[in-house]
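Structural features, examined
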Amino acid sequence: MSARRPPEVELPPPFRVGAGRLELEGRPLEALADEYGTPIYVASERRIRENAARFQEAFRAHWPNYRLLYALKANPNPVIVGLLRSAGCGADCSSPAEIRIARDAGIPPTETLYTAAYPSAAELASALAARVTINLDDPALLPRLIELGRPERLSFRINPGRTASGPEGLRFAGHGAKFGVPLSAAIKGFQAARRAGLDRFGLHTMPGSNVLAPEHFGFVGRFLGQAYRRVEREAGIRLEFLDGGGGFGVPYRPGEKPLDLDRVARLFAEGLRQGLRARAGETLPEVNHEPGRYLVADSTVLLTRVTHIKRTSPWLVGVDAGMHTLLRPALYQAHHPVHPVRANGARRRWMNLVGPVCENTDVLAAHRWLPEPSVGEVYAVANAGAYGFSMSSQYNTRPRPGELLVTPRGAELIRTPETFDDLVAHVRRPAEGAGGRP
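Values in this document were obtained by computation on a predicted structure and should not be read as measured data.

Rules used throughout
Residues numbered from 1 in each chain as written. Predicted model: local features only at pLDDT ≥ 70, side-chain atom pairs only at ≥ 80, totals over all residues. Heavy atoms only, no water. Axes fitted to C-alpha atoms, helices over the stretch in contact; angles between N-to-C directions. Helix = DSSP H or I, 4+ residues; strand = E, 2+ residues; numbered from the N terminus. Parallel < 35°, antiparallel > 145°, perpendicular 65-115°, else oblique. Left-handed = near helix turned anticlockwise from the far one by under 90°. Contact = heavy atoms within 4.5 Å. Nonpolar A, V, L, I, M, F, W, Y, C, P; charged D, E, K, R; others polar. Pairing = 2+ DSSP bridges.

Our next topic: the packing of helix α2 (residues 45–60) against helix α3 (residues 78–86). To describe two helices that pack against each other, one gives the angle between their axes and the distance between the axes. α3 packs onto α2 with a crossing angle of 45° between their chain directions and a minimal axis gap of 10 Å. Here α2 is positioned oblique relative to α3, judged by the angle of their axes. Crossing of α2 over α3 shows right-handed handedness. Residues Glu45, Ile48, Arg49 and Ala52 of α2 lie in contact with α3, whose contacting residues are Ile80, Leu83, Leu84 and Ser86. Each residue belonging to the contact of α2 with α3 can be placed in one class, and the counts come to 5 nonpolar, 1 polar and 2 charged.

Each strand in a sheet pairs with its neighbour through backbone hydrogen bonds, running either in the same direction (parallel) or in the opposite one (antiparallel). One closed barrel accounts for 8 strands, arranged β5-β6-β7-β8-β9-β11-β13-β14; its pairing is parallel. Sheet twist, expressed as the average angle between the axes of neighbouring strands with direction ignored, equals 25°. With 4 bridges connecting them, strand β7 (residues 112–116) and strand β8 (residues 133–136) associate as parallel partners. Looking at β8, one finds that Tyr114 is bridged to Ile134. The strands touched by α2 are β5 (66–71) and β14 (286–289); relative to β5, the strand with the most contacts, the crossing angle is about 145°.

To continue, consider the sheet that holds strand β1 (residues 15–18). In spatial order, the strands read β1-β2-β3; together these 3 strands make up an open sheet with antiparallel pairing. Only two strands of the sheet have a single neighbouring strand rather than two, namely β1 and β3 (27–28). Here strand β2 (residues 21–24) runs beside β3; their pairing, made up of 2 bridges, is antiparallel. Of the residues in β3, the one forming a bridge with Leu24 is Arg27.

Have a look at this one:
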């Protein structure tokens, strides 16, 4: 490896290198690419289970009344959701369809949170019918919600006025963010909800994305504890639960280190207790978090095959995945580690991995120091399990890829690759003489 650049973030177990090739559960990734075609997402069941277990163990050690909700937006594949349900997770949903997927996976309404960002009346009605906890982004939505029905439990999303993020710079709180309201506005919302006859409440905040600094989570805990007391004091309400959102980062870039999750949980719980100033014998609220990225990102690689090489400076290495397959690099300039699935011993050089989409921003990996490839070689683009398939598209009339789940028992397609028929499945041709046809 050239000393000019740190090595890419390594793949976690159960990915491993054997005989110069990348393997998952003893299956060479190159063989999976040959059998199932590329591009394709390949996920590790074992890694997903390990991530969920590690997360719950860390937080329950510091706050026993704890519930882990999986943010379906990261990857809503029903098989993945069912796997996480079997690992003890509830659901954080952002749409009626995600509520349906959670329900079909066996997640009860009492363990499902619907965070409504600018919802339509139809979306609110759907969440009410599902009897899930409704988390309103703005108390001004409350009158419309009450006209439609009364939720089992209600919470409001609070903007604490500051945010944190990884290199992508995503803003979920602070000035200019489209999410949440100040605590003072939520207190008025709680008062109005109680006057309307509601009596079960929670409080939610989501002030970070892909954060690798443990101290951030101490701030989130303190903010929630202080907010709990202020709601109690000014609205006369005892909140049933506090939701600290997500934002738990994973390493993408060279030199980044994994979160010390036990330290994160300890700092969060300490901050929460400081904010609460709990009284002796007091029943403390349930705490929820709703990670998506942390649970599934590093469980999955995107396999893509080299289609052409343009020997410019740097080399432009064309692959069959692109921004339609994995949008994050084009959208956020996000860095995803890239690993050849087989060591070829070739000299290294600087190169960009570019896709087949007719956009100059269709770059999966920029300025990488990799072995010289040949046409047909396969790369594994890592940390692709979160916001990979879920953000994919059919742009340039290209079918979306399949998803493969590898377990200790074998490999199975959990989403088949799309075909041309899928691309045109919902087209309805006008009758003869209609729609401008002769």
